[in-house]
Amino acid sequence: METRRGGDWEGPLLMFTVAGCNINFHAGIMAGTSRHDREMAVNAKKQLSVCTDPVESLRLQCLARGSSGIKGLGRTFKIMDDDNNRTLDMKEFIKGLNDYGVLIEKEEAVAMFQRFDRDNSGFIDFDEFLLTLRPPMSNARKEVITQAFRKLDKTNDGVITIEDLRGVYNVKYHPKYQNGEWTEEQVFRKFLDSFDSPYDKDGQVTKEEFLNYYCGVSASIDSDVYFILMMKNAWKL
């Protein structure tokens, strides 16, 4: 087990075995560098003070929470979607924003809802809403994120679970497994929780959640080349 300091990150190296090769996977890389994350949050807060567009204001409030901000809002909406139809009415939409702690006037929230309710049905598709909310990403960034997801999704069912990680993630190099503090299952869960919302950790990560997570990381990194290199090094793509 190795801990590395230097550059923008610090933290333990986690060991993976993919196609017979051991891979040191740096926890700091997975989470995005902490310096970039802090800078993004500070910049988002500054821009908020002069922002007049409700959608941009919501995006900035999410980014001010760091890389997982948009992902967390998406999970809040998902919890409220009781019938699993991936839509929200006005009441659910406003309650979701409030539950997530978004500071927005009711009139602005109503205007935002109406902007996305293009067919005047009284419902919005929150997948489409979150897609619009994500900071713009180049196709090259989207492609490398998709490649990383496919590599982890061993069962090709569109969801990363503990079963996908078995045989890929070698827990014996994790310090908390070595000292007996965590079981293999707990190590797997902690890994998956890194991509999950802090408010609803269910032990599985969908492609949408994976994209939302890395969308936040992407927003903190200006250079396509740096982002793609980070992803390729992290996942050995």
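Counting restarts for each chain: residues are numbered from 1 in the order of the written sequence. With the structure being a predicted model, the display of local features is reserved for residues of pLDDT at least 70 and the display and counting of side-chain atom pairs for 80 or more, all residues being used for whole-chain, interface and lining totals. To get the side-chain values, take all heavy atoms of the structure and skip hydrogens and water.

Under the annotation held in an unreviewed UniProt entry, the protein carries the name Calcyphosine-like b and is attributed to Oncorhynchus kisutch.

S.K.: Sorry if this is basic, but what is going on with the UniProt feature "domain: EF-hand" (unreviewed entry) in the protein here?
M.R.: UniProt positions are given in the numbering used here, feature names are shortened, and annotations may be inferred rather than shown by experiment. In the UniProt entry, the feature "domain: EF-hand" (unreviewed entry) is given for residues 68-103, 104-139 and 140-175. Strands here mean DSSP runs of E at least two residues long; helices mean DSSP runs of H or I at least four residues long; both are numbered from the N terminus. Secondary structure content for residues 104-139 is 56% helix and 8% strand, while the C-alpha to C-alpha distance between its ends is 31 Å.

S.K.: What is the right way to look at the pattern of salt bridges in this model?
M.R.: For side chains of opposite charge, pairing can occur when their charged atoms come near one another. The salt bridge criterion pairs a side-chain nitrogen of Lys or Arg with a carboxyl oxygen of Asp or Glu, the two atoms within 4 Å. Using the criterion set out here, one finds ten salt bridges in the structure. As a salt-bridge pair, R115 and D53 come within 3.0 Å of each other at their nearest N and O atoms. Linking R115 in helix α6 (residues 106-116) with D53 in the loop between α2 (34-48) and α3 (54-63), this pair joins segments that are 62 residues apart in sequence. Between E184 and R166 there is a salt bridge; the shortest N-O distance is 2.9 Å. Taken together, the residues span a long stretch of sequence, with E184 in helix α11 (residues 184-193) and R166 in the loop between α9 (162-165) and α10 (175-178) at a distance of 18 residues. Think of it in three bands: residues with accessible area under 20% of the maximum for their type are buried, residues over 50% are exposed, and the middle band is partly exposed, with areas taken using a 1.4 Å probe on protein chains only. On the basis of relative accessibility, which here comes to 34%, the residue E184 falls in the partly exposed class. Of the residues examined, R166 reaches a relative accessible area of 32% and is grouped as partly exposed.

S.K.: Mind showing me how you'd approach the packing of helix α4 (residues 69-80) against helix α12 (residues 207-219) here?
M.R.: Axis angle and axis distance: for two packed helices, these are the angle between their axes and the distance between the axes, and together they describe the pair. Angular values range over 0 to 180 degrees, each being the angle between N-to-C directions of two axes fitted as lines to C-alpha atoms, with helices fitted over their stretch in contact. Axis separation between α4 and α12 bottoms out at 7 Å; the angle between their running directions is 150°. Contacts between α4 and α12 involve I70, K71, R75 and K78 from the former and E209, N212 and Y213 from the latter. Classes in brief: Ala, Val, Leu, Ile, Met, Phe, Trp, Tyr, Cys and Pro nonpolar; Asp, Glu, Lys and Arg charged; the others, Gly included, polar. Looking at the contact of α4 with α12, its residues break down into two nonpolar, one polar and four charged. Contacts are assigned to residue pairs that have any heavy atoms within 4.5 Å of one another.

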